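# A structural walkthrough
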Amino acid sequence: MSLVQVEKVSKKYGDDYALNQLSLSLESKDQYAILGASGSGKSTLLYLLGGLEKADSGNVIVDGLNLSKMSDEKLATYRNELVGFIFQFHFLLPSMNCEKNILLPAEIGAKKIGPVRKKCYELAEYLGVTHCLKKFPYQLSGGEQQRVNIVRALSLKPRLLLCDEPTGNLDSENSAKVTGLLKSLAREFGSTLAVVTHDPGVAEKFEKRFVLKDGMLSQEGFFHPTNEPPPAP
Ligand code: ADP
Ligand code: MG
């Protein structure tokens with residue numbers, strides 16, 4: 001069963017299409033890589049899936065909800081209840097310590113904090129960032145911030161986990177570790193996972209891959225490592 005259906009979606013910035021009549025679907029609980037060079041529309045696609053931006057035309061349907069037609073208020077609830085987002089650039093709030101950052105979505109959603117805090121500490125332990133939880137984001141290295149972001153995105157067990165270049169500033173060893181971890185946590189939580197990346201090494205860790213080029217999918221969506229040259233980073 002598909003969780004996500006993107007139907008002929010276009011999004012323009014000025015005269016240029018960031019996404020051009022793009023259609024794809026993501027099956028519930030499956031894991032996808034979306035590979036594309038810089039500027040190909042990856043972040044725009046994730047922002048539309050996460051209800052952070054609206055399409056100019058076409059439909060984005062997630063779990064039966066047509067995001068293109070929802071009010072800003074309903075979209076905020078959608079983001080809070082269904083989506084975990086790991087951004088390309090860290091989005092921890094500088095004025096709060098990491099634990100407060102992680103618990104904020106649960107507080108906004110008026111969830112019981114106890115179980116979320118327990119999950120937060122379990123995940124932090126697993127990712128080796130327990131020592132970071134009482135610190136402020138500026139006191140952490142880039143890699144630690146990214147791992148705290150992962151804890152935050154997962155602490156509410158999202159149906160849809162969206163990751164924008166989650167390994168962008170990690171070396172290849174940590175990149176493989178984080179990719180493996182996202183995949184195993186998504187499986188454990190039953191989340192549908194979509195990772196966008198410019199790195200073919202990350203994409204090849206996924207059986208299901210799309211290639212984005214100039215806001216469109218190439219090769220009817222699927223990427224075959226043997227006959228598709230990797231995009232320029
Ligand atoms: P990617 O994440 O693959 O690098 P993006 O989705 O960020 O690509 O961008 C796709 C295209 O849309 C690029 O040409 C980019 O310059 C343009 N774009 C993205 N966001 C904006 C914006 N807020 N204002 C103007 N142009 C934008
Ligand atoms: Mg991007």
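The structure this text deals with has already been given above.
A short tour of the structure in this document, coming up. (Residues numbered from 1 in each chain as written. Chains lettered and ligands numbered in written order. Predicted model: local features only at pLDDT ≥ 70, side-chain atom pairs only at ≥ 80, totals over all residues. Heavy atoms only, no water.)

This part is about the site of ligand 1. As a structural note, the neighbourhood of ligand 1 is formed by Tyr 13, Ala 18, Ala 37, Ser 38, Gly 39, Ser 40, Gly 41, Lys 42, Ser 43 and Thr 44. A distance of 3.2 Å separates an oxygen atom of ligand 1 from a polar backbone atom of Ser 40. Side-chain polar atom of Ser 43 to an oxygen atom of ligand 1: 2.9 Å apart, as the coordinates give it. Protein contacts shield 54% of the accessible area of ligand 1, which totals 550 Å² for the unbound molecule. The element that contributes the greatest number of residues to the shell around ligand 1 is helix α1 (residues 42-49), accounting for 3 residues. (Near = heavy atom within 4 Å. Polar contact = N/O pair within 3.5 Å; in protein donor to acceptor, adjacent residues only side chain to side chain. Areas by Shrake-Rupley, 256 points an atom, 1.4 Å probe, with all protein chains shown as cover. Helix = DSSP H or I, 4+ residues; strand = E, 2+ residues; numbered from the N terminus.)

With that settled, consider the pattern of salt bridges. On inspection of all chains with the given rule, the structure shows 8 salt bridges. For Asp 30, the salt bridge is made with Lys 208, and the minimal N-O distance between the two is 2.5 Å. Within this pair, whereas Asp 30 is found in the loop between β2 (16-27) and β3 (31-36), its partner Lys 208 is found in strand β9 (residues 208-213), the two being separated by 178 residues in sequence. Looking at Asp 30, the relative accessible area reads 22%, which means it is partly exposed. Taking relative accessible area as the criterion, Lys 208 reaches 29% and is therefore assigned partly exposed. (Salt bridge = Lys/Arg side-chain N within 4 Å of Asp/Glu carboxyl O. Buried < 20%, exposed > 50% of the residue type's maximum accessible area, 1.4 Å probe, protein only.)

Moving on: the nonpolar core. One finds Val 148, Val 151, Leu 161, Leu 182 and Leu 193 to be the most contacted residues of the largest nonpolar core, which totals 34 residues. Elements represented by at least two residues in this core include exactly β3, α3 (98-108), α4 (113-127), α5 (142-154), β7 (160-164), α6 (172-189), β8 (192-197) and α7 (200-203). Examining the composition of this core, we find that 6 residues originate from one element, α6, more than from any other. Core analysis: the next-biggest nonpolar cluster, separate from the first, contains 31 residues, Ala 55, Val 60, Leu 67 and Val 83 among them. (Core = buried A, V, L, I, M, F, W, Y, C linked by side-chain atoms within 4.5 Å.)

So, about the environment of Thr 179. Considering the arrangement of structural elements, one finds Thr 179 in helix α6. By relative accessible area, which is 4% here, Thr 179 ends up buried. When the C-alpha positions of Thr 179 and Ser 43 are compared, they lie 18 Å apart, and in sequence the two are 136 residues distant. Dropping the residues within four chain positions of it, Thr 179 is found in contact with Thr 167, Val 202, Lys 205 and Phe 206. (Contact = heavy atoms within 4.5 Å.)

Moving on: unusual backbone geometry. With a phi angle near 70°, Lys 29 is a residue other than glycine that sits in the positive phi range. As for its position among the elements, Lys 29 is in the loop between β2 and β3. Judged by its relative accessible area of 56%, Lys 29 is exposed. The phi dihedral of Lys 157 falls on the positive side, at around 50°, and the residue is not glycine. Following the sequence through the fold, Lys 157 ends up in the loop between α5 and β7.

Function-wise, these values are silent; they only describe arrangement.
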